[in-house]
There are 2 protein chains.
Amino acid sequence: MVTIKDIAARLQVSPSTVGRALADDPRISAATKQKVTQVADEMGYVANLAARMMRGVSSNLVGLVLPDIRNGFYATIAHALSKCLQSAGYQLALSETDDDRMVELQSVRELASANVAGIIIVPTAKPHRETVRLLKLSPHVQLLRKHAAIGDQWFGIDDTLAIFEATSHLVQLGHRRIGYIGGTDDLPTGSARLKGYHKALAGVASGEPALVQLGAPSEVDFGANATRRLLSLPKPPTAIVAGSVQMTQGILEELLAQGVRAPDDLSVVGFGDELGFRWWGPGLTTVGLPVHDLATACGLWFVHHVRQNSATASPYTSISPATLIVRGSTRKPGPPTKTSVRASLRGATA
Amino acid sequence: MVTIKDIAARLQVSPSTVGRALADDPRISAATKQKVTQVADEMGYVANLAARMMRGVSSNLVGLVLPDIRNGFYATIAHALSKCLQSAGYQLALSETDDDRMVELQSVRELASANVAGIIIVPTAKPHRETVRLLKLSPHVQLLRKHAAIGDQWFGIDDTLAIFEATSHLVQLGHRRIGYIGGTDDLPTGSARLKGYHKALAGVASGEPALVQLGAPSEVDFGANATRRLLSLPKPPTAIVAGSVQMTQGILEELLAQGVRAPDDLSVVGFGDELGFRWWGPGLTTVGLPVHDLATACGLWFVHHVRQNSATASPYTSISPATLIVRGSTRKPGPPTKTSVRASLRGATA
DNA sequence: TTGAAAGCGCTAACAT
DNA sequence: ATGTTAGCGCTTTCAA
């Protein structure tokens, strides 16, 4: 391995001169720089990253901490960020937490000890105090979920608006008994979404507690079970709104298993637009999330931020809107008509 | 950041004692080790990788190089590997190549200069020579795709068998004009799958060239276009077999757009079992791939291999079988019957 | 069984 | 414009 010393010896100069020349320090003469770079090239010199990192310079690694990469949602984020960071010369280090705060802590510890340039995190419900402390040591930004303790750098979507639009759509179609299956409100996203549901219902329908089913947002099974509970209610809802991607999956599975047909027997609005949602029944009406754009924006901002190397983290918040994608799984409540069936089929292939 | 010195100061011992205790050096008494590890845990000590790397030890980073994480297929792999490596104390560095050999080279270069413990790679069709050279410098293993130049460490699925089973299933149902839409045969997986198709057809039907459509395996659009071409043939096929996940997506989209109904108008067998494939029409009959198990096996083997730190890379090959998942999108060719329609609906919810 | 001390390759404060 | 020197945190001799 060729070191800075080898080059120095060969040129009869001091190691620091070589180091500075290579770093393009203004105090070094052009002639010397010229000679140094040439010899370095000739000898096949490659800077030792480890040594450089020991001197406090952070690596070109950016940690991405999220619950589960198998969620198409997060995969899109990872992809967009990867592209973004790659073109800026950074590498992505992936850590999955499974929404477990201790795993999260462990991951953040490892990243911190690897001297990462920064951390992009989708935090768990209640991050460990140590996690928060460690995050503050390097540039960081929260994605989707925002935890006050972690900081004011956040890129997210307007969760309240998203579910508000989904629910309003159903209200406008004439639905009054609308079920909501979503994440518990200990997660900021969960409570924001629930708020959107209640807001849309305000003044239109009484919020019947039994119609609201809250569970761990990443549990597909909960979505299925909650659907079963809603359907077996004395007065079942005429429509269901999903409050997370996995819940949506559970709901769709359960409806299929029970032979419940949308939109004839029940209207359904999903959350997120995963692969296959448009294939479900007559096409799933769902809340489209601008994940790709969100992640790209986050990546760009982050690179800029890291480059500044400013310890002074100025607060920054970006809220992207979600948009309702209307397909065939929603229509006005009541028995089906020929035209409505045909319309919903068209929706599926649109 | 907590260092070895901090622990030493707290315990009133020398830094070297702490270092040795942490390294489980036989010369340190059990009692000391006990105390050291406990305090280390308490203080949240994490070894500084940079410093360790300077001493010649490679990092705890394992590079994962693959085409596109958005492919559910690769997301599953990343997840399984992440779990596996995490529990062994390794971190995953994710690099996406988009099947571009120059991007691949760039990624591998970065990983190599970061002193990664090893690299797990799904290689592009024709990796750069430099890529191959760099890979040989650290422990590495190929996943899914196998390139002879890169080496004999490979975990993959039996691609030939996978498509053979898919095609045979159709042949047994009575199909004779079977279309195949898959990846070009410059990729080892592509040619193996094509081989499976031809093998299943041997002696049963003449392999009509127009029925075989080959393109870049990751292009959804190619799948859609190829489907259009097959359907507009003078004598269109009665069934189609997909040879990649994205092709499957394209095919499904196109059939939906054209209003072609499976299995009445056409039988379809997909590749992989992505979210939503079971929701498509009467449920997609498809080739299920043991991706999770494959990745886990690969991860375990890799960790073991890296731990051995053996420069002597003994050849190792693992071939996992794929299994056909029969749902509603396939049946015998010809006009529909009442019973067959009912049967296919049952298949969808099974 | 433990401590002291010498570096690994690089950077940066301090001297020329 | 360049040289000297002192570490960064860890491992690893060499001493005790």
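Owing to the predicted nature of the structure, the values given are computational and were not obtained by experimental measurement.

What counts and how
- Residues numbered from 1 in each chain as written.
- Chains lettered and ligands numbered in written order.
- Predicted model: local features only at pLDDT ≥ 70, side-chain atom pairs only at ≥ 80, totals over all residues.
- Heavy atoms only, no water.
- Phe/Tyr/Trp six-rings, centres within 6.5 Å; stacked < 30°, edge-to-face > 60°.
- Helix = DSSP H or I, 4+ residues; strand = E, 2+ residues; numbered from the N terminus.
- Buried < 20%, exposed > 50% of the residue type's maximum accessible area, 1.4 Å probe, protein only.
- Contact = heavy atoms within 4.5 Å.
- Buried area = accessible area lost by both parts, 1.4 Å probe.
- Polar contact = N/O pair within 3.5 Å; in protein donor to acceptor, adjacent residues only side chain to side chain.
- Nonpolar A, V, L, I, M, F, W, Y, C, P; charged D, E, K, R; others polar.
- Pairing = 2+ DSSP bridges.
- Core = buried A, V, L, I, M, F, W, Y, C linked by side-chain atoms within 4.5 Å.
- Least-squares fit on C-alpha atoms with pLDDT ≥ 70 in both.
- Axes fitted to C-alpha atoms, helices over the stretch in contact; angles between N-to-C directions.
- Domains from an automatic or database assignment.
- Salt bridge = Lys/Arg side-chain N within 4 Å of Asp/Glu carboxyl O.
- Near = heavy atom within 4 Å.

**Notes on the packing of aromatic side chains**
Residues and elements named next belong to chain A.
Then comes step 1: Taken as a whole, this structure holds 12 aromatic pairs over all chains when the rule is applied.
Then comes step 2: With a centroid separation of 5.2 Å and an interplanar angle of 25°, the aromatic rings of Y180 and Y197 are classed as stacked. Remark: Y197 occurs in helix 9 (residues 188-201) and Y180 occurs in strand 6 (residues 178-183); sequence separation between them is 17 residues. Each member of the pair, Y180 together with Y197, is buried.

**What about the interface of chain A and chain B?**
Then comes step 1: At the junction of the two partners, chain A supplies 47 residues and chain B supplies 49 residues.
Then comes step 2: Across the chain A/chain B interface, buried area totals approximately 4300 Å², and carbon plus sulfur atoms make up 59% of it.
Then comes step 3: For the pair chain A and chain B, the number of links is 18 residue pairs in polar contact (both at pLDDT 80 or more).
Then comes step 4: Counting residues per element, the ones that place at least two in the side of chain A that touches chain B are helix 4 (49-54), helix 5 (72-86), strand 2 (91-96), helix 6 (101-113), helix 7 (129-137), helix 11 (245-258) and helix 13 (338-349) of chain A.
Then comes step 5: Per element, the largest residue contribution to the side of chain A that touches chain B is 7 residues, and it comes from helix 5 of chain A.
Then comes step 6: For the side of chain A that touches chain B, the per-class residue count stands at 24 nonpolar, 13 polar and 10 charged.
Then comes step 7: Of the pairings in the sheet, the one linking strand 2 of chain A to strand 2 (residues 91-96) of chain B comprises 3 bridges and is antiparallel in character. What sits directly across from A93(A), in strand 2 of chain B, is A93(B).

**Here's the deal with the nonpolar core**
Then comes step 1: Counting 142 residues, the largest nonpolar core has I120(A), L143(A), Y197(A), I120(B), L143(B) and Y197(B) as the members making the most contacts within it.
Then comes step 2: Beyond its immediate sequence surroundings of up to four residues, Y197(A) is in contact with I163(A), T167(A), I178(A), G179(A), Y180(A), L211(A) and V212(A).
Then comes step 3: Membership of the second largest hydrophobic core comes to 26 residues, among which are I119(A), V132(B), L135(B) and I150(B).

**Points about the relation of the copies chain A and chain B**
Then comes step 1: With an RMSD of 2.3 Å, the fit of chain A onto chain B corresponds to turning through 179° and sliding 1.4 Å along the axis. A rotation of that kind, with that shift, is consistent with a two-fold axis.
Then comes step 2: Both copies contact each other with a shared surface, as 94% of the interface residues of chain A are interface residues in chain B too.

**Structural notes on the sheet that holds strand 10 (residues 285-288) of chain A**
Residue and element names in this part refer to chain A.
Then comes step 1: Spatially, the 6 strands line up as an open sheet ordered 7-6-8-9-10-12, and their pairing is mixed. The two strands at the open ends of the sheet, each matched to only one other strand, are strand 7 (212-215) and strand 12 (323-325). Neighbour-to-neighbour, the strand axes of the sheet open up by a mean angle of 15°, direction not taken into account.
Then comes step 2: Contacting strand 6, strand 7 and strand 9 (267-271), helix 9 crosses the sheet at an angle of about 170° to strand 6.
Then comes step 3: With respect to the sheet, helix 10 (residues 220-231) is in contact with strand 6, strand 7 and strand 8 (239-242), its orientation differing from that of strand 6 by roughly 160°.

**Regarding the domain arrangement of chain A**
Then comes step 1: In terms of domain boundaries, chain A breaks down into domain 1 (4-47), domain 2 (61-158 + 291-321) and domain 3 (159-289 + 325-348).
Then comes step 2: Measuring from the centre of the C-alpha atoms in domain 1 of chain A to the corresponding centre in domain 3 of chain A gives 65 Å.

**Here we look at the pattern of salt bridges**
Then comes step 1: Summed over all chains, the structure comprises 26 salt bridges over all chains.
Then comes step 2: The salt bridge partner of D98(A) is K83(B), with a shortest N-O separation of 2.8 Å. Here D98(A), found in the loop between strand 2 and helix 6, pairs with K83(B), found in helix 5 (residues 72-86), and the two come from separate chains.
Then comes step 3: D98(A) sits in the partly exposed class, given a relative accessible area of 39%.
Then comes step 4: Residue classification places K83(B) among the partly exposed residues on the basis of a relative accessible area of 26%.

**Some remarks on the protein's contact with DNA strand D**
Then comes step 1: Taken together, 23 residues form the shell around DNA strand D, and within it S16(A), T17(A), R20(A), R55(A) and Y45(B) come nearest.
Then comes step 2: A breakdown of the atoms of DNA strand D within 4 Å of the protein gives sugar and phosphate a share of 56%.
Then comes step 3: In the model, a base oxygen of DNA strand D is placed 2.7 Å from a nitrogen or oxygen of the R20(A) side chain.
Then comes step 4: Within the backbone of I4(B), one N or O atom sits 2.8 Å away from a phosphate oxygen of DNA strand D.
Then comes step 5: At the level of secondary structure, the elements contributing two or more residues to the surface near DNA strand D comprise helix 2 (15-22) of chain A together with helix 1 (4-11), helix 2 (15-22) and helix 4 (49-54) of chain B.

**Brief notes about the protein's contact with DNA strand C**
Then comes step 1: With respect to spatial proximity, 22 residues lie near DNA strand C, and among them I4(A), Y45(A), T17(B), R20(B) and R55(B) are the closest.
Then comes step 2: The share of sugar and phosphate among atoms of DNA strand C within 4 Å of the protein is 59%.
Then comes step 3: Between DNA strand C and the protein, one listed contact pairs a phosphate oxygen with a backbone N or O atom of S14(B) at 2.9 Å.
Then comes step 4: Measuring from a base oxygen of DNA strand C, one finds a side-chain N or O atom of R20(B) at 2.7 Å.
Then comes step 5: Of all the elements, helix 2 of chain B adds the most residues to the surface near DNA strand C, at 3 residues.
Then comes step 6: Considering only residue class, the surface near DNA strand C consists of 6 nonpolar, 8 polar and 8 charged.

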